[in-house]
Amino acid sequence: MSRPPFPPFTDETAMQKVRVAEDAWNSRDPAKVALAYTVDCTWRNRCEFVSGRSEIEALLTRKWARELDYRLIKEIWAHTGNRIAVRFAYEFHDDSGQWFRAYGNENWDFGADGLMRRRIASINEHPIAVTDRKFHWPLGRRPDDHPGLSDFAF
């Protein structure tokens, strides 16, 4: 199995990789998202350390069971060779209806097959009022004409 685009990344292919990842995460389909990672991929996600697709899928299943109406925007920060640095923000609400916005950074390391073999994520979140939400597209893929993170000065 492989997942284009492949390293070494150019500006164009690194941006493609980031958008493909954003689209997959906005699907909120843990099995689909997990396929972008090697079978032995390691993650640091906040304070959780997981390894392998099955643990990644389990983490994402738990995540999207509590982070409802999740919408994410990713933006490339830097890239070189087989690595990409990304910043992101996402909005969701919990089962009580409280909305949150999370901000973070990810460092990605890819194998020659284009599958991610390591993901290191640092994430902070805070409650927001429903009137402060910025991500209003219908659930699923962010429309191409929707503002990105830099447009919101996030």
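One structure accompanies this document, and this report is about it. (Residues numbered from 1 in each chain as written. Predicted model: local features only at pLDDT ≥ 70, side-chain atom pairs only at ≥ 80, totals over all residues. Heavy atoms only, no water.)

**A closer look at the environment of Arg101**
Now for step 1: Looking at the secondary structure, you find Arg101 in strand β5 (residues 99-110).
Now for step 2: Linking Arg101 and His126, residues 25 residues apart in sequence, is a C-alpha distance of 5.7 Å.
Now for step 3: Ignoring anything within four residues of it in the chain, the contact list for Arg101 reads Tyr90, Glu91, Asn124, Glu125, His126, Ile128, Asp132, Arg133, Lys134 and Phe154.
Now for step 4: A distance of 2.9 Å separates a polar atom in the side chain of Arg101 from a polar atom in the side chain of Glu91.
Now for step 5: A distance of 3.2 Å separates a polar atom in the side chain of Arg101 from a polar atom in the side chain of Tyr103. (Helix = DSSP H or I, 4+ residues; strand = E, 2+ residues; numbered from the N terminus. Contact = heavy atoms within 4.5 Å. Polar contact = N/O pair within 3.5 Å; in protein donor to acceptor, adjacent residues only side chain to side chain.)

**Looking at the nonpolar core**
Now for step 1: Ranked by internal contacts, the top residues of the largest apolar core, which has 30 residues, are Trp25 and Trp43.
Now for step 2: Elements supplying a minimum of two residues to this core: α1 (11-27), α2 (30-34), β1 (37-45), α3 (53-66), β3 (68-80), β4 (83-93), β5 and β6 (116-128).
Now for step 3: Not counting the four nearest positions on each side in its chain, Trp43 is found in contact with Trp25, Tyr37, Glu48, Phe49, Val50, Ile56, Leu59, Leu60 and Arg119.
Now for step 4: One finds Ile73, Phe135, Trp137 and Leu149 within the second-largest nonpolar core, a separate group that totals five residues. (Core = buried A, V, L, I, M, F, W, Y, C linked by side-chain atoms within 4.5 Å. Buried < 20%, exposed > 50% of the residue type's maximum accessible area, 1.4 Å probe, protein only.)

**Digging into the packing of aromatic side chains**
Now for step 1: In the structure shown here, the tally under the stated rule is 15 aromatic pairs.
Now for step 2: Between Tyr90 and Phe92 the ring centres are 5.9 Å apart and the planes differ by 35 degrees, which places this aromatic pair in the tilted class.
Now for step 3: Using a relative accessible area of 1% as the deciding quantity, one classes Tyr90 as buried.
Now for step 4: Ring centres 5.4 Å apart and planes at 25 degrees place the aromatic pair Phe152 and Phe154 in the stacked group.
Now for step 5: Since its relative accessible area comes to 22%, Phe154 is described here as partly exposed.
Now for step 6: Linked through ring pairs, Trp25, Tyr37, Trp43, Trp64, Tyr70, Phe88, Tyr90, Phe92 and Phe100 together constitute an aromatic cluster.
Now for step 7: Lying over the aromatic face of Phe88, Lys74 brings its terminal NZ or CZ to 5.2 Å of the ring centre. (Phe/Tyr/Trp six-rings, centres within 6.5 Å; stacked < 30°, edge-to-face > 60°. Lys NZ or Arg CZ within 6 Å of the ring centre and 35° of its normal.)

Take it as geometry only, folks, not as evidence of what the structure does.
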